[in-house]
Amino acid sequence: MSGSPVQRVLAFNRELSALSATGLPLDVGFPSRESLAAGLEKLNTRLIARSDRDDTVSEQILTDTSLPARYRLALKTWLECDDPGVALDSVTAPADSRYELRQSISHALTYPLIVFVLAYFAFLYLCSVTAPKMEAMYAQLLREPGDSLLLLRSGREALPIWGPLIPLLLVAALVWWRYRSARVGWRFLPGASRYYSATRNAALARRLARMMESGTSLEQALQLTWPLSSDRSEHTVSIDKLPRLLRWAIEGDLGGESRSRV
């Protein structure tokens, strides 16, 4: 990738800003879209003040622990890999996984929500319209109302409380879902951990293949897919920690097949 270190870092920051402005979910380590914009602007101000010939600027940023490790890893990939798309994929893939899981949960909750709303209006009608008519009928027959009618009577008496409370809680839940649910990982749900593990492994394999196809060595590609550490001795990647199928694709006998293709 051509250009001075300062220009290359600025170019990476511009790409992140452009992606963030489109509303695309990003996983760069910043807590929010606003903090990402502020962090990139602050970093760009520092870079513009540096000389274009300063070859140490990228190394200083990569070792700056005040910046999120995910941002520094993506920047390292941007600087060392000939395929810039790999660096951008590393910050969009995790967020895409969370977004797709959230969408699946949203679709799964749509039908129960419709049933709940219909049940609410049906019970509201029973308590406010049907129950008084049935009570009048029991009174004419000089009979005591049954348990079901007593339940409806209790519901009608408490209607000033639960009548407006349930819609308010429902609206509050929808507002929370709209603005806050994207920040929840949903890992407590059954199957969520396996889903995240599968999507993480798929993204890792995709990035390794693209980097190897662009001429990056396997060892360097593995380094670029591992989280950064301030301790250089911890940068060594342990193949044993990779998923079994990926270990086979990296170390196994492929019978002449291209390793990146496998």
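These numbers come from a predicted model, not from an experiment. (Residues numbered from 1 in each chain as written. Predicted model: local features only at pLDDT ≥ 70, side-chain atom pairs only at ≥ 80, totals over all residues. Heavy atoms only, no water.)

## Thoughts on the layout of surface pockets
- Empty space within the largest pocket amounts to approximately 850 Å³.
- Contributing to the lining of the largest pocket are 23 residues, with Pro 25, Leu 26, Arg 33, Ala 182 and Arg 183 lying nearest its centre.
- Mapped onto the lining of the largest pocket, the elements with two or more residues apiece are helix H2 (33–48), helix H5 (84–140) and helix H7 (159–179).
- Counting residues per element, the lining of the largest pocket draws most heavily on H5, which supplies 4 residues.
- Residues belonging to the lining of the largest pocket are distributed by class as follows: 11 nonpolar, 4 polar and 8 charged. (1 Å grid on protein atoms, 1.4 Å probe; cavity = no way out; pocket = protein on both sides within 12 Å on 5 of 7 lines; lining within 4 Å. Points joined across faces, edges and corners; volume = space filled by probe spheres on them. Helix = DSSP H or I, 4+ residues; strand = E, 2+ residues; numbered from the N terminus. Nonpolar A, V, L, I, M, F, W, Y, C, P; charged D, E, K, R; others polar.)

## Thoughts on the confidence of the model for the protein
- A residue-level look at the protein finds 92% of positions with pLDDT of 70 or above and a mean pLDDT of 84.
- Mean pLDDT across the secondary structure elements of the protein bottoms out at helix H3 (residues 57–62), with 79, and peaks at H7, with 93.
- Note that residues 228–236 has pLDDT below 50 and, in this model, 12 contacts with residues that lie over four places away or in other chains. (pLDDT = per-residue confidence, 0-100. Contact = heavy atoms within 4.5 Å.)

## A closer look at the packing of aromatic side chains
- One pass over the structure, following the stated rule, counts 11 aromatic pairs.
- On the numbers, 5.4 Å between centres and 50° between planes, the contact of Phe 12 with Trp 78 is tilted. With a gap of 66 residues between them, Phe 12 in helix H1 (residues 5–21) and Trp 78 in helix H4 (residues 69–80) connect regions that are remote in the sequence.
- Residue class for Phe 12 comes out buried when judged on its relative accessible area of 0%.
- The class of Trp 78 is buried, set by a relative accessible area of 6%.
- Taking 5.3 Å as the distance between ring centres and 70° as the angle between the ring planes, the aromatic pair formed by Tyr 120 and Phe 121 counts as edge-to-face.
- Looking at Tyr 120, the relative accessible area reads 13%, which means it is buried.
- Sitting over the face of the ring of Tyr 179, Arg 178 holds its NZ or CZ atom 5.1 Å from the ring centroid. (Phe/Tyr/Trp six-rings, centres within 6.5 Å; stacked < 30°, edge-to-face > 60°. Buried < 20%, exposed > 50% of the residue type's maximum accessible area, 1.4 Å probe, protein only. Lys NZ or Arg CZ within 6 Å of the ring centre and 35° of its normal.)

## Points about the pattern of salt bridges
- In total, this model carries 8 salt bridges according to the counting rule given.
- The partner of Arg 46 in a salt bridge is Asp 64, and the shortest N-O contact between them spans 3.6 Å. Of this pair, Arg 46 sits in helix H2 while Asp 64 sits in the loop between H3 and H4, placing them 18 residues apart in sequence.
- We classify Asp 64 as buried; its relative accessible area is 17%.
- We note a salt bridge from Asp 89 to Arg 206, for which the minimum N-O separation is 3.1 Å. Residue Asp 89 is found in helix H5, and its partner Arg 206 is found in helix H8 (residues 192–213); the two are separated by 117 residues along the sequence.
- Take Asp 89: its relative accessible area is 13%, and that puts it in the buried class.
- What makes Arg 206 partly exposed here is its relative accessible area of 36%.
- Via salt bridges that share partners, Asp 27, Arg 70 and Arg 98 belong to a single interconnected network. (Salt bridge = Lys/Arg side-chain N within 4 Å of Asp/Glu carboxyl O.)

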